Amino acid sequence: MFQKQSHIIPARVPDIMRSAEAAARAIPPSFPLEATVAVNPFLGQASESLAMASARLMRVAGVRITRSPDDYILAIRQGEITDTDLAEALDASTEPQKPASVSALKEAVSAHGDDVTGPLPTIADLAAASTGIDWPSVIEKTVGLWAAGHFDKGQALWSPAPGLDVFAAWRAWAVHDLTPEIAGLAGFCSHVSSAPDTAERAILRASGAIGLTEAASETAFHRLYMDLGGWSQHARWQLWQSELEGRGDTALTGLLAIRLIWEEALLAHVPGIADAWAETVRAHEAPIGPSAGQVALAILQEAADRAHQRKLAHALDGAASAGSKTESSRSFLQAAFCIDVRSEVFRRALEAVDPSIETIGFAGFFGLPLSHKAKGSDVSEAHLPVLLKPAVETASHCDAAGEHQVRIAARTSRAWGRFRQAAVSSFAFIEAAGPLYAAKLVRDAIGWSAKPSKPEPAPQIVGGLPVEAKTDTAEAVLRAMSLTEGHGDYVLLLGHGGHVTNNPHQSAYHCGACGGYTGEVSARVLAALLNDPETRTGLAGRGIAIPEVTRFVAGLHDTTTDRVTLYPDGIGSGHETDLGNIETWLDQAGQASRTERSLKLPGSTPETIAARAFNWAEVRPEWGLAGCAAFIAAPRSATAGKNLGGRAFLHSYDWKADDGFATLELILTAPVVVASWISLQYYGSSVAPDVFGGGNKLIHNVVGGVGVVEGNGGGLRPGLPLQTVHDGEKPVHEPLRLSVMIEASLEAIGDVLDRHPEVRALFDNGWLHLFALKDGKVEARYRPGLSWSAGSEQAIAV
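Residues numbered from 1 in each chain as written. Predicted model: local features only at pLDDT ≥ 70, side-chain atom pairs only at ≥ 80, totals over all residues. Heavy atoms only, no water.

Enquirer: What is the right way to look at the packing of aromatic side chains in this model?
Expert: Between two aromatic rings, the relevant description is the distance of the centres plus the angle of the planes. Across all of its chains, the model carries 18 aromatic pairs by this definition. When the centroid spacing of 5.7 Å and the interplanar angle of 45° are considered together, the rings of F337 and F346 count as tilted. By relative accessible area, which is 0% here, F346 ends up buried. What links up through ring pairs into an aromatic cluster is the set F42, Y683, F692 and W767. (Phe/Tyr/Trp six-rings, centres within 6.5 Å; stacked < 30°, edge-to-face > 60°. Buried < 20%, exposed > 50% of the residue type's maximum accessible area, 1.4 Å probe, protein only.)

As structure tokens, then:
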């Protein structure tokens, strides 16, 4: 939270500071590159409808958050969106100014749909128009240069002002930075020097100096935060992390103070813009409301969502596939995958290899809230969803001698790296050693140096767990997986990760449920736990009898190459033949998956697609989660044998075995929310790439280890790079809001939503769609206010 100096604040100050906090909460967090996870860019607008959020973000960022009118019109002409879709979307809209008919809706889109007015100007914008000096660019570059050093996470060799908070560190920098004065802002260093010594006082003074009223302050502050781009989002991440640990953070407050000091100085420097700024303040004071065009586009987005839902409902016909398992049959092999949409393709391929194979979908961290230390490292990695806090500490350390060697090697590598990059020695290094790197460059360029990394030692729970805790953990996981009976001879627990080369966004290809790390650690810890005789004895006492022959084997699914590595830690001997057969099945499934995926990746074939993982010039090693559109929590029989095109998160769930619906509550409040963040990040990066996208990979430079900039400086670029959602000619991700389909009773689903208003808001305000399934078919659609409608759209009382 923001620190407040209440003992010196006048009566009006708390309102201004509340506006500052509200504006900060409207900014989504951006996680650093080392553990990138998808974030809903509209997190701060979850309490608003799409149309209202469109109006807000047009005011503060000048972006449209739907597809363009031409895109919708083309989809209508091509029959992808039907008049029925339009009529149902129009009927579902609660906007008071919605068109009266489908024909009126089409006319409204043609007449008003492309009303992109741009954001309300800042003082810097007005000063630039008046003086001809690009002040927004000057601010972006000077603040960006300072922020790159201040927020650095180890890339830089030194920090400009270690130990100082954001505002104090910037003041120490800015009083010596002559860039603004060289650009024409005389006396700026003195202005910064005379500013109040805390961010809160600076915000108050500057707000008063520029005539910012309480009514205008929230969206005016939001506008300034958006002007700072990814740096605001990185500071929001710092606040997010601090609050998880029960602390506060002042970085966002400091950034707002910095930006307001610039506004204050520029208004004093260019007094001729005072009237135009006063008009802008009045515009900020006006209540936010969507225009006719924004309402029409929001309805068309609803129609596009329904068009996809219509196809999905047709696919979910309730008919079990010929190869799906019956309740009484027992599988030789069960393979539990992460619910990631990329697993849908591999699961379908694996089940087609042999009828004795069954697949399961579950969150990739396998229900274990781990904080892990890798071999030779004391850095704790949070291998769990960012919504949760770690509760179990694990480590993959070697024995004492091996660990010492690993750490010596790491220190040597770091020292060599610093020598190569240091201000003076870097020049000598290039002159002396540059030619020696020619061979390495050639090897890397053609992929000859690519070698699979050796697996780390099996992770161990630090301090171990008592028998009761082992049993509690194992029981909770197995019940959440709907895997309390019918265990196969072998149960694979497959985490996932993506192997890429020379890609700053590597962690974005890993498991989002594991906090941007691979799922290997979680899978190996759970496999060891479920193979433990003490755990099995405890489970038997709780009604979960695992056959003695059953072995749990961890593995890692590389989503870039579609190859699976198994880790048969501690399962004993005598399983070599079975594991060999299983690896053969996995190889066959991988080949089928690569064949299917190669059809969508430009320039790839089934034979060459895996090589993209080792190509350091490859900007599209895989499509990641592009295309994601649905989340289905149901027995596998509802989706088995159905080609969902790698577009659905598949979570295994048997509501009849969910006593008290604890698992249903877990699904709706964790995996569904994580999946919504992924879906909406792809959505935001597609419809508003200039604000919520990561820019062009070809000109990325890593800054501070926290993010990337385009070119040699400026704004931090959060979100997904252009090449993640576009193939160079056309978009590959269809911007849709996630359709969540759960096989459970309407009453049970409604009860969970009633207890979790923050999750319910996502459905009530249209950021997610919700459907109830029955026997594998769509039974009802959720409507705002905890009501349901059948296919005829007639309300169902619950």
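Enquirer: How do you make sense of the pairing of strand β1 (residues 333-338) when you look at a structure like this?
Expert: Side-chain positions along a regular strand alternate between the two faces of the sheet. Of all six residues in β1, six are buried; the element is thus mostly enclosed. In the sheet, β1 pairs with strand β7 (residues 490-497) via five bridges, with the strands oriented parallel. When the sheet's bridge partners are listed, Q334 is paired in β7 with V491. When β1 meets strand β2 (residues 357-362), the two strands line up parallel, connected through six bridges. Within β2, the position partnered with F337 by the bridge is G361. (Helix = DSSP H or I, 4+ residues; strand = E, 2+ residues; numbered from the N terminus. Pairing = 2+ DSSP bridges.)

Enquirer: So what exactly am I meant to see when it comes to the confidence of the model for the protein chain here?
Expert: Note: predicted coordinates in regions of low pLDDT should not be interpreted at a detailed level. When pLDDT is averaged along the protein chain, the result is 91, and 93% of the positions lie at 70 or above. Confidence drops under a pLDDT of 50 for residues 1-12, and excluding neighbours within four residues, the segment shows 25 contacts in the predicted structure. Contacts from residues 792-798, a stretch scored under 50 in pLDDT, to residues over four places away or in other chains number 16 contacts. (pLDDT = per-residue confidence, 0-100. Contact = heavy atoms within 4.5 Å.)

Enquirer: Can you help me understand the packing of helix α8 (residues 166-174) against helix α14 (residues 251-269) in this one?
Expert: Between two packed helices, what matters for the description is the angle formed by their axes and the separation of those axes. The contact between α8 and α14 brings their axes to 7 Å, and the two run at 40°. Considered as vectors, α8 and α14 are oriented oblique to each other. Side by side, α8 and α14 meet where V166, F167 and W170 of the first sit next to A251, G254, L255, A257, I258, I261 and W262 of the second. Its residues assigned to classes, the contact of α8 with α14 comprises nine nonpolar, one polar and no charged. (Axes fitted to C-alpha atoms, helices over the stretch in contact; angles between N-to-C directions. Parallel < 35°, antiparallel > 145°, perpendicular 65-115°, else oblique. Nonpolar A, V, L, I, M, F, W, Y, C, P; charged D, E, K, R; others polar.)

Enquirer: What is the right way to look at the pairing of β2 in this model?
Expert: Most of β2 is tucked away, with five of its six residues classed as buried. Each parallel crossover has a hand, and for β1 linked through helix α17 (residues 341-353) to β2 it is right-handed. (Right-handed = clockwise from strand over helix to strand, strands pointing away.)

Enquirer: Would you take a moment to explain the sheet that holds strand β4 (residues 381-383) for this structure?
Expert: Taking strand neighbours across the sheet as the criterion, the four strands line up as β4-β3-β5-β6 in an open arrangement whose pairing is mixed. Every interior strand has two partners, whereas the edge strands, β4 and β6 (460-461), have only one. One ladder, built from four bridges, connects strand β3 (residues 370-373) with strand β5 (residues 392-395); its direction is parallel. Directly across from S371, in β5, lies its bridge partner E393. The strands touched by helix α22 (residues 520-531) are β3, β4, β5 and β6; relative to β3, the strand with the most contacts, the crossing angle is about 105°.

Enquirer: Help me understand helix α26 (residues 671-687) in this model?
Expert: For an α-helix the count is 3.6 residues per turn, leaving residues at separations of three or four pointing the same way. Compared with an ideal rise of 1.5 Å per residue, which puts 17 residues at 24 Å, α26 spans 24 Å between its outermost C-alpha atoms and is within 8% of the ideal. Within α26, 16 of the 17 residues are buried, which leaves it mostly tucked inside the rest of the structure. (Expected span 1.5 Å × (residues − 1).)

Enquirer: Even after reading the chapter, I still don't get unusual backbone geometry, so can you show me in this structure?
Expert: One non-glycine residue, S482, adopts positive backbone phi at about 55°. With respect to the element layout, S482 can be found in the loop between α21 (467-480) and β7. What makes S482 partly exposed here is its relative accessible area of 30%. Positive phi, close to 55°, is recorded for D775, a residue that is not glycine. Assignment of secondary structure puts D775 in the loop between β15 (769-774) and β16 (777-783). The exposure class of D775 is exposed, given its relative accessible area of 56%.

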